[in-house]
Amino acid sequence: MTQLWLEFILMALFIIVSGTYLSRFGDIIADKSGLGQAFIGGILIAMATSLPELVTSISSALVGAPDIAVGNAFGSNTFNLVILAFADLLQGKGPLLLRVNYSHILSGLVGVLLSALVVFSLILSHFMNFNLNVFGVGLDSIILLLTYLVSVRMIYRYDQNNPLDAKDEEKENLNPEYTLNKALLGFAACAVVIVFSGYRLTLTADQISAVTGIDQSFIGSILVAAATSLPELVATISAIRIGAYNMAVGNVFGSNIFNMTVIFFADVFYRQGVLLQDVRIVHILTATVGIVMATIILIGLFYRSRRSFMWMGWDAIAAAVVYFLGVYLLFQLGLNVI
């Protein structure tokens, strides 16, 4: 048992280091290629830091652990949102959301929409026994991917048409000695490490679930999700430290959007059936916790209250409370699974 936990921690450390450098190389690639700030934070860096979730969920699907695959996606979303509460604490006095642009409301709402689509699909499949698939891939997963692609285009066009609203802070020119080719090679190397670490992390988590008797839904939604979301944590803290508040918030919302497409790719590699049909209904709880947290943060972003407590905005505090309540409920459900 000790060996399993040590391997899990080691693989998590590999993901942290590789994910951190992956984010940095992705930033350099975006800068050298001339892509805009909004694309860097909301799309490119978000996709880079979400690579551990993608690899881990695909690996879970391959080894026949659908609950870890789906739980990882939803759990990562809730963990990412609680990162904003931590970032609020780090950035100093006053709410963090006072310092960012309204443009993040669009990406935040897209994340809520994608999560709601999965909840709707779970309700149809589990309570109404309604399932459609195309070559073994659920129609709901395909709709998720198409909605993501349309939404990314919509967000990009909004940023292009509203440059003042989407404007981000100027960032420091980190690692100016890197060329575009060097950054691409570094990006690829980090991706290889993450692929290996994510696969081993999944196998270890599955074994921990079997040995301890804790449900796969809890393991995926909390343990694996927290490990694979560590690159987002590091990237967000780094952005806060250089005053790139829009970059930090954009990375979180962008990662949450991309995490929902992870379900599609996991479904493609899951050959025992249709992914969302075979998972437990408890994932509705995780998804709902994420939706409530995102809604609280979006209300805070729109309302922009200046009130705070212990340097944190009340929206960040409320989101954190919802997260830990959700963790407690999931843990209780995991212990009660026979």
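Residues numbered from 1 in each chain as written. Predicted model: local features only at pLDDT ≥ 70, side-chain atom pairs only at ≥ 80, totals over all residues. Heavy atoms only, no water.

Draft legend 1. The nonpolar core, seen in detail. Val118, Ile263 and Met293 are the most contacted members of the largest nonpolar core, which totals 82 residues. Per element, the largest residue contribution to this core is 12 residues, and it comes from helix H10 (residues 245-269). Not counting the four nearest positions on each side in its chain, Val118 is found in contact with Phe74, Leu144, Met260, Ile263 and Leu276. The next biggest cluster of nonpolar side chains, apart from the first, holds 13 residues, and it includes Phe8, Ala12, Leu201 and Ala205. (Core = buried A, V, L, I, M, F, W, Y, C linked by side-chain atoms within 4.5 Å. Buried < 20%, exposed > 50% of the residue type's maximum accessible area, 1.4 Å probe, protein only. Helix = DSSP H or I, 4+ residues; strand = E, 2+ residues; numbered from the N terminus. Contact = heavy atoms within 4.5 Å.)

Draft legend 2. Up close: the environment of Ile240. Within the element layout of this structure, Ile240 appears in helix H9 (residues 230-241). You can call Ile240 buried: its relative accessible area is 7%. Distance from Ile240 to Asp88, taken between C-alpha atoms, is 9.0 Å for residues 152 residues apart in sequence.

Draft legend 3. Inspection of the packing of helix H5 (residues 104-127) against H10 at higher detail. Between H5 and H10, the shortest axis-to-axis distance is 9 Å and the interhelical angle comes to 20 degrees. Classified by the angle between their axes, H5 and H10 sit roughly parallel to one another. Here H5 and H10 pass one another in a crossing that is left-handed. Between H5, through His104, Ser107, Gly108, Val110, Gly111, Leu114, Ser115 and Val118, and H10, the contact on the second element is made entirely by Asn246, Val249, Gly250, Phe253, Ile257, Met260 and Ile263. Class assignment for the residues of the contact of H5 with H10 results in eight nonpolar, seven polar and no charged. (Axes fitted to C-alpha atoms, helices over the stretch in contact; angles between N-to-C directions. Parallel < 35°, antiparallel > 145°, perpendicular 65-115°, else oblique. Left-handed = near helix turned anticlockwise from the far one by under 90°. Nonpolar A, V, L, I, M, F, W, Y, C, P; charged D, E, K, R; others polar.)

Draft legend 4. Fine view of the packing of aromatic side chains. Scanning all chains against the criterion turns up five aromatic pairs. Between Phe79 and Tyr323, the ring centres sit 6.4 Å apart and the planes meet at 70 degrees, which makes this aromatic pair edge-to-face. Within this pair, whereas Phe79 is found in helix H4 (residues 66-90), its partner Tyr323 is found in helix H13 (residues 314-336), the two being separated by 244 residues in sequence. According to the relative accessible area criterion, Tyr323 is buried, its value standing at 8%. Between the aromatic rings of Tyr102 and Phe302, the centroid separation amounts to 6.4 Å while the plane-to-plane angle is 65 degrees, which identifies the pairing as edge-to-face. Within this pair, whereas Tyr102 is found in the loop between H4 and H5, its partner Phe302 is found in helix H12 (residues 283-303), the two being separated by 200 residues in sequence. On the accessibility criterion, Phe302 (59% relative accessible area) is exposed. Through a chain of ring-to-ring contacts, the aromatic side chains of Phe79, Tyr323 and Phe324 assemble into a single cluster. (Phe/Tyr/Trp six-rings, centres within 6.5 Å; stacked < 30°, edge-to-face > 60°.)

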